[in-house]
Amino acid sequence: MRTRFHHPRVRDPWLAAPVGAGGYRHWLRDRGSLTQRLQARCAAFAVEGLRLRWARPQPDEARLLGLPRHERARLREVTLCCAGTPVIFARSVLPGRSLRGPWRALAYLGSRPLGAALFADPRVARTPLAYRKLTPAHALYRRAAAVLDAPPACLWARRSVFWREDAPILVTEVFLPGVLEL
């Protein structure tokens, strides 16, 4: 398994621990399948697609995946909902080379949860989780907050890279206030 890519002059604002995350902490630190955990706590679980397109990832996402800045990837954004309430905003970055290789089936997930595919395959390895407190100045906060009627002042997110063979994908999960009710 490969480890994270880092550029020596770029400071990574993602943290190794969710310091100050309050009630979100136990959700953020769990390394198991978030999809399974939500399904166990929610009678009416659903994945709602928001956006699926080929585009350039954010610079920090491209760096983490070892992609050249100009390279496009498949970007998938969904909400995971419990009884109609959005509880997680998820963004996946799937490089084209990964979709042509071992992750080929992920290009056609539709409304199926990505987590189910990732955690069902014993050949998949995951890098350590990284955490970030997002504010309205961050593009990811704005994308996630758009699904909320009353967005809070900040949102907590985590991300990690999943590897199968030499093919990476990046998964970022933003925890919405509704998750605290589960």
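Residues numbered from 1 in each chain as written. Predicted model: local features only at pLDDT ≥ 70, side-chain atom pairs only at ≥ 80, totals over all residues. Heavy atoms only, no water.

1. Some details on empty space enclosed by the protein
Here is step 1 of the chain: Evaluation of the coordinates by the stated rule reveals two cavities of 30 Å³ or more.
Here is step 2 of the chain: A volume near 190 Å³ is recorded for the largest cavity.
Here is step 3 of the chain: Lining of the largest cavity is provided by 20 residues; of these, Thr35, Leu114, Gly115, Val171 and Glu173 occupy positions nearest its centre.
Here is step 4 of the chain: Looking at the lining of the largest cavity, the elements with two or more residues in it are helix 2 (34-41), strand 2 (73-82), strand 3 (85-95), helix 5 (114-120), strand 6 (155-164) and strand 7 (167-175).
Here is step 5 of the chain: Counting residues per element, the lining of the largest cavity draws most heavily on helix 5, which supplies four residues.
Here is step 6 of the chain: Class assignment for the residues of the lining of the largest cavity results in 11 nonpolar, five polar and four charged. (1 Å grid on protein atoms, 1.4 Å probe; cavity = no way out; pocket = protein on both sides within 12 Å on 5 of 7 lines; lining within 4 Å. Points joined across faces, edges and corners; volume = space filled by probe spheres on them. Helix = DSSP H or I, 4+ residues; strand = E, 2+ residues; numbered from the N terminus. Nonpolar A, V, L, I, M, F, W, Y, C, P; charged D, E, K, R; others polar.)

2. Remarks on helix 2
Here is step 1 of the chain: Buried within helix 2 are the following residues: Leu34, Thr35, Arg37 and Leu38. Along the axis of helix 2, the buried positions cluster into a sector of 165°, meaning they face one direction only. Exposed and facing more than 90 degrees away from the buried side of helix 2 are Gln36 and Ala40. (Buried < 20%, exposed > 50% of the residue type's maximum accessible area, 1.4 Å probe, protein only. Arc of directions from axis to C-beta.)

3. Here we look at the environment of Val124
Here is step 1 of the chain: Here Val124 lies in the loop between helix 5 and strand 4 (125-126).
Here is step 2 of the chain: Here the alpha-carbon distance between Val124 and Arg164, two residues 40 residues apart in the chain, equals 4.8 Å.

4. Points about the layout of surface pockets
Here is step 1 of the chain: By volume, the largest pocket amounts to about 260 Å³.
Here is step 2 of the chain: What lines the largest pocket is a set of 19 residues, among which Gln58, Glu61, Arg91, Ala139 and Leu140 lie closest to the centre.
Here is step 3 of the chain: Listing elements by their share of the lining of the largest pocket, those giving two or more residues are strand 1 (45-55), helix 3 (59-65), strand 2 and helix 6 (139-145).
Here is step 4 of the chain: With four residues, helix 3 is the largest single contributor of residues to the lining of the largest pocket.

Without other data, these values stay purely geometric and don't point to any function.
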